[in-house]
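Listed here are the chains, written in short residue letters.
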Amino acid sequence: MPSEADVKEAYHQWYYNSEVWQEVKFLGVPCYKSVSDMWNYQEILAELKPSLIVEFGTRFGGSALFFSVMGRAVNPDLKVLSVDISHEDVYPQVLLDSAIQLATGSSSDPVIAARIAKMRALFPGKVFFILDSDHTKSHVLAELELLRIVIQSGDYVIVEDGNINGHPVLPGWGEGPYEAVEEYFARYPDDYTIETEREGKFGFTFAPKGFLRKN
Ligand SMILES: C[S@@+](CC[C@H](N)C(=O)[O-])C[C@H]1O[C@@H](n2cnc3c(N)ncnc32)[C@H](O)[C@@H]1O
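Residues numbered from 1 in each chain as written. Predicted model: local features only at pLDDT ≥ 70, side-chain atom pairs only at ≥ 80, totals over all residues. Heavy atoms only, no water.

*Asks:* Pulling in residues and values, what's your account of the overall build of the protein chain?
*Replies:* Of the regular secondary structure elements, the protein chain holds 8 helices and 9 strands. The C-alpha radius of gyration of the protein chain comes to 16 Å, within 12% of the 17 Å expected for a compact globule of 215 residues. Per-residue burial over the protein chain gives 53% buried out of 215 residues. When the accessible surface of the protein chain is split by element, carbon and sulfur atoms take 55% of a total near 9,700 Å². (Helix = DSSP H or I, 4+ residues; strand = E, 2+ residues; numbered from the N terminus. Rg over C-alpha atoms; globule rule 2.2 N^0.38 Å. Buried < 20%, exposed > 50% of the residue type's maximum accessible area, 1.4 Å probe, protein only. Areas by Shrake-Rupley, 256 points an atom, 1.4 Å probe, with all protein chains shown as cover.)

*Asks:* Just give me the short version of the site of the ligand, but keep the residues and values in it.
*Replies:* The environment of the ligand is made up of 17 residues, and the closest members are Y32, K33, G57, D84 and D132. A distance of 3.4 Å separates an oxygen atom of the ligand from a polar atom in the backbone of R59. For the shell around the ligand, the per-class residue count stands at 3 nonpolar, 8 polar and 6 charged. (Near = heavy atom within 4 Å. Polar contact = N/O pair within 3.5 Å; in protein donor to acceptor, adjacent residues only side chain to side chain. Nonpolar A, V, L, I, M, F, W, Y, C, P; charged D, E, K, R; others polar.)

*Asks:* Let's hear about the packing of helix α2 (residues 35-48) against helix α3 (residues 62-74): which residues, and what values?
*Replies:* Where α2 contacts α3, the axes come no closer than 9 Å and their chain directions differ by 30°. Relative to α3, α2 is oriented roughly parallel. The interaxial crossing formed by α2 with α3 has right-handed handedness. On α3, the residues touching M38, Y41, Q42, L45 and A46 of α2 are F66, F67, M70, G71 and V74. Residues belonging to the contact of α2 with α3 are distributed by class as follows: 8 nonpolar, 2 polar and no charged. (Axes fitted to C-alpha atoms, helices over the stretch in contact; angles between N-to-C directions. Parallel < 35°, antiparallel > 145°, perpendicular 65-115°, else oblique. Left-handed = near helix turned anticlockwise from the far one by under 90°. Contact = heavy atoms within 4.5 Å.)

*Asks:* Any details on the pattern of salt bridges? Residues and values, ideally.
*Replies:* Oppositely charged side chains may form a pair once their charged atoms are brought near each other. Counting across every chain of the model gives 16 salt bridges. One salt bridge connects E160 with K33, and the closest N-O pair in it is separated by 3.1 Å. Pair noted here: E160 is in the loop between β7 (156-159) and α7 (177-187) and K33 is in the loop between β2 (29-30) and α2, with a separation of 127 residues, a long-range link. Two residues, E145 and R187, come together in a salt bridge whose shortest N-O distance is 2.7 Å. Of this pair, E145 sits in helix α6 (residues 137-150) while R187 sits in helix α7, and the two are 42 residues apart along the sequence. (Salt bridge = Lys/Arg side-chain N within 4 Å of Asp/Glu carboxyl O.)

*Asks:* Describe α6, and please don't skip the residues or the numbers.
*Replies:* One turn of an α-helix holds 3.6 residues; hence residues three or four places apart share an orientation. With 14 residues, α6 should reach 20 Å at 1.5 Å per residue; the first-to-last C-alpha distance of 21 Å fits that figure. Residues of α6 that are buried include every one of K137, H139, V140, L141, E143, L144, L146, L147 and V150, and no others. Contacts made by the buried residues of α6 are with β3 (52-56), α5 (110-122), β6 (127-131), β7, α7 and β8 (192-194). (Expected span 1.5 Å × (residues − 1).)

*Asks:* Break down the environment of P208 for me, with residues and values.
*Replies:* By secondary structure assignment, the location of P208 is in the loop between α8 (196-199) and β9 (211-214). Take P208: its relative accessible area is 12%, and that puts it in the buried class. For P208, the residues in contact, after removing those within four places along its chain, are G162, N163, H167, Y178 and E199.

*Asks:* Please provide a residue-by-residue account of the pairing of β9, values included.
*Replies:* Pairing of β7 with β9, which is carried by 3 bridges, proceeds in the antiparallel orientation. Residue pairing for β9: Y156 is matched across the bridge by R213. As defined by bridge partners, β8 adjoins β9 across 3 bridges and the pair is classed as antiparallel. Counted as the bridge partner of I194 is L212 from β9. (Pairing = 2+ DSSP bridges.)

*Asks:* Got a sec to walk through the side chain of S68? Specific residues and values, please.
*Replies:* Mapped onto the elements, S68 comes out in helix α3. A distance of 2.8 Å separates polar atoms of two side chains, one belonging to S68 and the other to D97. Each residue touching S68, except ones within four places of it in the same chain, is listed here: L78, V80, D97, A99 and I100.

Below, the structure written as structure tokens:
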């Protein structure tokens, strides 16, 4: 009889290695995520009721659309800022969503921090951040450092794809988001609380150690 931990890991490995996550769509737009993570995000949004959602990594725009629809269900005035080095793959219905603003550039560029600060001033309230762009350790660390300029107590940060590099998928990928979070906590142990119970709620997550509430 396999243990509960073995069953959870086997499902995680199947979900990741089958690449079914590349078949996930929200309202017809591809959204490269674990669907149970998306449900978890929806639960966080319902509690947080943010005025602004900031996403690093737009790709097709399915996740930006998800955050816009779910976020506006709990706060009709919500805005979404989605940052990517290229927006050429974004689906037309995402471009038609007036709550979504796209910023083209690198998510570690100080220009992006200035844009976030400006939007915070225009739309006061809590902010939900999600880091899903370049998954190298150095880039994710740079994003987390950039957030230090704009983040406030009570905000929420998701660091996606910490499951790569053997946590438990893609062993040998190289240091990524998981190692970036570890390094960040070595630098700033008191910045965030990791919500491990929430991250484990549905058995597996693409964001291990990546559900962070700002202290
Ligand atoms: C995994 S995809 C995003 C998926 C999307 N969030 C979703 O859930 O469907 C990663 C995206 O990050 C973008 N990207 C890569 N390096 C980046 C950087 N330095 N700054 C911002 N975006 C970057 C890529 O162009 C790509 O569109």
